[in-house]
Amino acid sequence: MATWANLGLQDSSSPLMEQLNFFHDHTLLILTMITILVGYIMGMLMFNEFTNRFLLHGQTIEIIWTVLPAIILMFIAFPSLRLLYLMDEINTPSITLKSIGHQWYWSYEYSDFLNLEFDSYMIPTNELELNGFRLLDVDNRVVLPMNNQIRILVTATDVLHSWTVPSLGVKVDATPGRLNQLNFLINRPGLFFGQCSEICGANHSFMPIVIESIPMNFFIKWITSMTN
């Protein structure tokens, strides 16, 4: 989860988020190089009293400052497109989870099991335990097995919501009358926090998402206890 003084992105918990982190660093390096180059040229223009007469008008320099940015944009565009298609790729899922957005809470259905569905509300501050996270913890967490392909189907019943877990690199709109799907894999155990990222009304900031990632054998025990 994000903590105070955290300047970068959250630590990745899925292969997709790792790739997003790499792309972020790659793009930031290119932007840093451009900023330094432009800053250096501006500084030289301010303090240099000489003028290069070939720089004022010439086809060569015009070709350079047209082609060079195009090449730089290609170095950003190709990794970006690759990631875009990776995020849309749906592998063979082990488990399908359906998430339904309401004003202002989430409902979850485990489509592969009979009668396994529950609502997930934020725990009010006055009811939190000492080890709880204020404005982030919920009464019913989403329990998912690690190292398994998980498909999530997202929709809403009233207004637009957005199911978002930053450390998994997952963000999908919950639209009434529409079923959006996404695929992800959690590669480590732990608690992963998210929030609705669409302004959906007065209590928009009070419908958090909590995913609890556990090994498969513990997940089977949890499923057995929930369905019995």
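Residues numbered from 1 in each chain as written. Predicted model: local features only at pLDDT ≥ 70, side-chain atom pairs only at ≥ 80, totals over all residues. Heavy atoms only, no water.

Identification of the chain as Cytochrome c oxidase subunit 2 from Anopheles janconnae is taken from an unreviewed UniProt entry. In its Subcellular location (unreviewed entry) section, the UniProt record describing the chain reads: "Mitochondrion inner membrane". Among the UniProt annotations of the chain, the heading Catalytic activity (unreviewed entry) holds the following wording: "4 Fe(II)-[cytochrome c] + O2 + 8 H(+)(in) = 4 Fe(III)-[cytochrome c] + 2 H2O + 4 H(+)(out)". (UniProt positions renumbered as here; feature names shortened; annotations may be inferred.)

Caption draft 1: Structural detail: the domain arrangement of the chain. Considered domain by domain, the chain is made up of domain 1 (15–49 + 58–88) and domain 2 (95–227). Between the C-alpha centres of domain 1 and domain 2 there is a distance of 37 Å. The interface is formed by six residues belonging to domain 1 together with seven residues belonging to domain 2. Looking only at domain 1, the three residues that lose the most surface to domain 2 are Pro15, Met17 and Met87, adding up to 71% of its buried area. Linking domain 1 to domain 2 there are zero salt bridges. Counting across the domain 1 and domain 2 interface gives zero residue pairs in polar contact (both at pLDDT 80 or more). (Domains from an automatic or database assignment. Contact = heavy atoms within 4.5 Å. Buried area = accessible area lost by both parts, 1.4 Å probe. Salt bridge = Lys/Arg side-chain N within 4 Å of Asp/Glu carboxyl O. Polar contact = N/O pair within 3.5 Å; in protein donor to acceptor, adjacent residues only side chain to side chain.)

Caption draft 2: Highlighting the state of the cysteines. Applying the stated rule across the entire model yields zero disulfides. Of all cysteine sulfurs, the one in Cys200 lies closest to Cys196, which takes part in no disulfide; the gap is 3.9 Å. (Disulfide = S-S within 2.5 Å.)

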